[in-house]
Amino acid sequence: MFRSHILVCGGTGCASNNSKGIIAKFEQLLKEKNLEKDVQTIMTGCFGLCAVGPVVIVYPEGAFYSNVKVDDVDEIVNEHIIKGRLVTRLLHREDDKNIAVKALSDTNFYKKQTRVALRNCGVINPENIDEYIAYDGYQALIKCLTELSKQEIVDIIKKSGLRGRGGGGFPTGLKWQFTKDAVGDEKYVCVNADEGDPGAFMDRSVLEGDPHAVLEAMAIAGYAIGANKGYIYVRAEYPIAVDRCKIALEQAKEYGLLGKNILGTGFDFDLEIRLGAGAFVCGEETALMTSIEGNRGEPRPRPPFPAIKGLFGKPTLLNNVETYANIPQIILKGAEWFSSMGTEKSKGTKVFALGGKIVNTGLVEIPMGTTLREIIEDIGGGIPKGKKFKAAQTGGPSGGCIPAAHFDIPIDYDNLIAIGSMMGSGGMIVMDEDNCMVDIAKFFLEFTVEESCGKCTPCRIGTRRLLEMLEKITSGKGEMSDLDTMEKLCYYIKDNSLCGLGQTAPNPVLSTIRYFRDEYVAHIVDKKCPAHVCKSLLKYSITDACKGCTKCARQCPVGAITGKVKELHVIDQNKCIKCGVCMDSCSFKAIVRE
Ligand SMILES: Cc1cc2nc3c(=O)[nH]c(=O)nc-3n(C[C@H](O)[C@H](O)[C@H](O)COP(=O)(O)O)c2cc1C
Ligand code: SF4
Ligand code: SF4
């Protein structure tokens, strides 16, 4: 029995800030001070507050230390662990006034969250199956194997209202039913952990923080639909997630929770890991299966859908990581419990990866129906530096931008589609007045052009032509007729592409034209970028306020500024690369940007 527990986040964000070094230092000091039997150090998955990592929480006090460094460990051990005095300088503060110790659940960041898929992230050691079991782990599998029929399991999932968290929002229970009813000598269960959207890291965090939850759900799915084999398709760029999946697999096999004759029930189920090479299109379900089969990851026409003819031509159930992470809780707590959360057509919770211009960058899980305002202002802590909110981008390259006018719309699958965006897998990038919406559309188009597999012409050629038009506009050569041409091309690409990548690639363009047409017009007609982002449309010049101090001329990386001491300086527009260094360096605010 330990008197204190020190939890250190071992998620990718904190690990990249040397949380492993922090854990090693705690272990070393506790050993040196003969405290290893009294105090336990535990590496956990992500707490969610990536912006202030590395995060350390010490129980039983629940002291929440943020931005901890290896050099701080001495003080935490000597002051907090040995003398019982909190290290106030390291306590997490949500604002300057608040210096009291707060339990994580009392912070504004957590108060409006409901953690179902993330319930064990930041709570248990993901590399220790016993900790998962202590938190009801594998109870749902046992219940399914010993108390429920296959149809009863599928009925519970159907009744819960769970919809796929990978983007499309297809009803999970219905997908399980189709795969269960499909005829085949062999069936497969797969998890999609490809997560290629820029800004998304929900699935990585679930696998890093609670891999057994996904393994347990896949075994339940296998039992329910009649499959004995499954695949975890995870991108190779997620080494921590891959390692933890490997460890979890070994442990589950050792405990008889995977493999032959699970818990003596006669049910066999085994899982293998397949690494993706980082192509966005391999997240598309048919491309993913083609990739697992050992071929180049290109989509295949649907129908037939994977439930009927999927991996190796057999009926296959594919779900997203977060979708699976909900399953064990639904089985244990019941369909009514799950469907009591959320909106009429979108039940439960959704994990979002908050990024961009937001104070609390990190992972949040909110009940469906929470408004954008609550996510950004209450949970996310608002926009840094007092800047104004302009838009939130959801759904990654397939999604769209939600402007401030929709700040109070309850977030769910249908509302997001109605306003021209989509839930996607859960990336949410917040933008402020300094973001150019034409540039944002260009950013996502550059991504889809790069990631298009090239199998079909509307996507391969169409997205490239669309990008060229955006480049024309951001370089000041656009014409008003380009807007109509672009819109027409968008609908052509959407209607004629083979897979979801092409079918949704124009969404960022369409939604920015819909909500920020004035910005396109400013680029085309006024030849100005209102947010001062598009370099070709910027001009730096020096006003009469110049004192001739020469500072800007000395800082300019390309020698574009000339002038004598104490005389007005001048910028050579042909040499200027519009880096803005001179404007930042001038103490007399004599340099202006138009
Ligand atoms: C281009 C493209 C990329 C996709 N990437 C992912 C992904 O990374 N993860 C994911 O779960 N689903 C992704 N999907 C959706 C999958 O095709 C599929 O619908 C999903 O994995 C099904 O699981 P769900 O029903 O649990 O959402 C992608 C779809 C497209 C068209
Ligand atoms: S839509 Fe794009 S990604 Fe999909 S098959 Fe066609 S070329 Fe490939
Ligand atoms: S914007 Fe950059 S390149 Fe242009 S004058 Fe200023 S410092 Fe030189």
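Residues numbered from 1 in each chain as written. Chains lettered and ligands numbered in written order. Predicted model: local features only at pLDDT ≥ 70, side-chain atom pairs only at ≥ 80, totals over all residues. Heavy atoms only, no water.

A. Quick look at the site of ligand 2. C453, K455, C456, C459 and C499 are the nearest of the 13 residues found near ligand 2. Here the residues of the shell around ligand 2 sort into eight nonpolar, four polar and one charged. (Near = heavy atom within 4 Å. Nonpolar A, V, L, I, M, F, W, Y, C, P; charged D, E, K, R; others polar.)

B. Inspection of the packing of aromatic side chains at higher detail. Following the criterion strictly, the structure yields eleven aromatic pairs and no others. Between Y223 and F267, the aromatic rings sit 5.4 Å apart at their centres with planes inclined by 70°, giving edge-to-face as the arrangement. Residue Y223 is located in helix α10 (residues 211-225), and its partner F267 is located in the loop between α11 (239-254) and β7 (270-276); the two are separated by 44 residues in the primary sequence. For the residue pair Y223 and F267, the accessibility class agrees, reading buried in each case. (Phe/Tyr/Trp six-rings, centres within 6.5 Å; stacked < 30°, edge-to-face > 60°. Helix = DSSP H or I, 4+ residues; strand = E, 2+ residues; numbered from the N terminus. Buried < 20%, exposed > 50% of the residue type's maximum accessible area, 1.4 Å probe, protein only.)

C. Structural context of the packing of helix α17 (residues 437-451) against helix α21 (residues 507-515). For the pair α17 and α21, interaxial distance at closest approach is 8 Å and the crossing angle is 170°. Our classification of the angle between α17 and α21 gives roughly antiparallel. On α21, the residues touching M437, A441, F444 and L445 of α17 are P508, V509 and T512. In terms of residue class, the contact of α17 with α21 is made up of six nonpolar, one polar and no charged. (Axes fitted to C-alpha atoms, helices over the stretch in contact; angles between N-to-C directions. Parallel < 35°, antiparallel > 145°, perpendicular 65-115°, else oblique. Contact = heavy atoms within 4.5 Å.)

D. Representation of helix α6 (residues 139-147) in the model. Listed in full, the buried residues belonging to α6 are A140, L141, C144 and L145. For α6, the buried positions fall inside an angular range of 130° around the axis, keeping them on one side. Facing away from the buried side of α6 by more than 90 degrees, the exposed set consists of T146 and E147. Buried residues along α6 sit in contact with α7 (150-160), α10 and α13 (321-333). (Arc of directions from axis to C-beta.)

E. Broad picture of the sheet that holds strand β4 (residues 63-65). Strand order in the open sheet formed by four strands is β2-β1-β3-β4, and the pairing between neighbours is mixed. Among the strands making up the open sheet, the edge pair consists of β2 (39-44) and β4. Each neighbouring strand pair of the sheet contributes to a mean axis angle of 20°, computed without reference to strand direction. Sheet topology places strand β1 (residues 4-9) next to strand β3 (residues 56-59); four bridges connect them, and they run antiparallel. Looking at β3, one finds that H5 is bridged to Y59. (Pairing = 2+ DSSP bridges.)

F. Here's a closer look at the site of ligand 3. Taken together, Y540, C556, P557, V558, I561, I571, C576, I577, K578, C579, G580 and C582 make up the full set of residues adjacent to ligand 3. Within the shell around ligand 3, the residues separate by chemical class into ten nonpolar, one polar and one charged.

G. Looking closely at the domain arrangement of the protein. Assigned domains within the protein: domain 1 (4-109), domain 2 (129-335), domain 3 (349-432), domain 4 (437-526) and domain 5 (539-593). Here domain 3 and domain 4 have C-alpha centroids that lie 22 Å from each other. Counting residues at the interface gives 17 residues for domain 3, matched by 15 residues for domain 4. Interface of domain 3 and domain 4: buried area, both sides summed, is about 1200 Å²; carbon and sulfur atoms make up 66% of it. When the area that domain 3 buries against domain 4 is broken down by residue, the three leading residues are K390, P397 and C401, summing to 42%. Counting across the interface, domain 3 meets domain 4 through one salt bridge. A salt bridge links E519 to K390, with the shortest nitrogen-to-oxygen separation between them at 2.6 Å. In this structure, the connection of domain 3 to domain 4 is made through six residue pairs in polar contact (both at pLDDT 80 or more). (Domains from an automatic or database assignment. Buried area = accessible area lost by both parts, 1.4 Å probe. Salt bridge = Lys/Arg side-chain N within 4 Å of Asp/Glu carboxyl O. Polar contact = N/O pair within 3.5 Å; in protein donor to acceptor, adjacent residues only side chain to side chain.)

H. Geometry of the nonpolar core. With 68 residues, the main nonpolar core has W176, I232, Y324 and I331 as its most contacted residues. Residue contributions to this core peak at eleven residues, all from α10. When residues of this core are assigned to domains, at least three fall in each of domain 2 (129-335) and domain 3 (349-432). In contact with W176, not counting residues within four places along its chain, are I153, V154, I157, A217, I220, A221, A224, I225, L317, N319, Y324 and I327. Ranked by size, the runner-up nonpolar core spans 36 residues in total, among them F47, F352, V364 and A392. (Core = buried A, V, L, I, M, F, W, Y, C linked by side-chain atoms within 4.5 Å.)

I. Quick look at the pattern of salt bridges. For the structure shown, the criterion picks out 31 salt bridges. K229 serves as the salt-bridge partner of E272, at 2.4 Å between the closest nitrogen and oxygen. You can see E272 sitting in strand β7 and its partner K229 sitting in strand β6 (residues 229-235), a full 43 residues away along the chain. Notably, a salt bridge pairs R274 with E272, separated by 2.8 Å at the nearest N-O pair. Given a relative accessible area of 28%, R274 falls into the partly exposed group. On the basis of relative accessibility, which here comes to 28%, the residue E272 falls in the partly exposed class. One salt-bridge network, held together by shared partners, links D72, E75 and R89.

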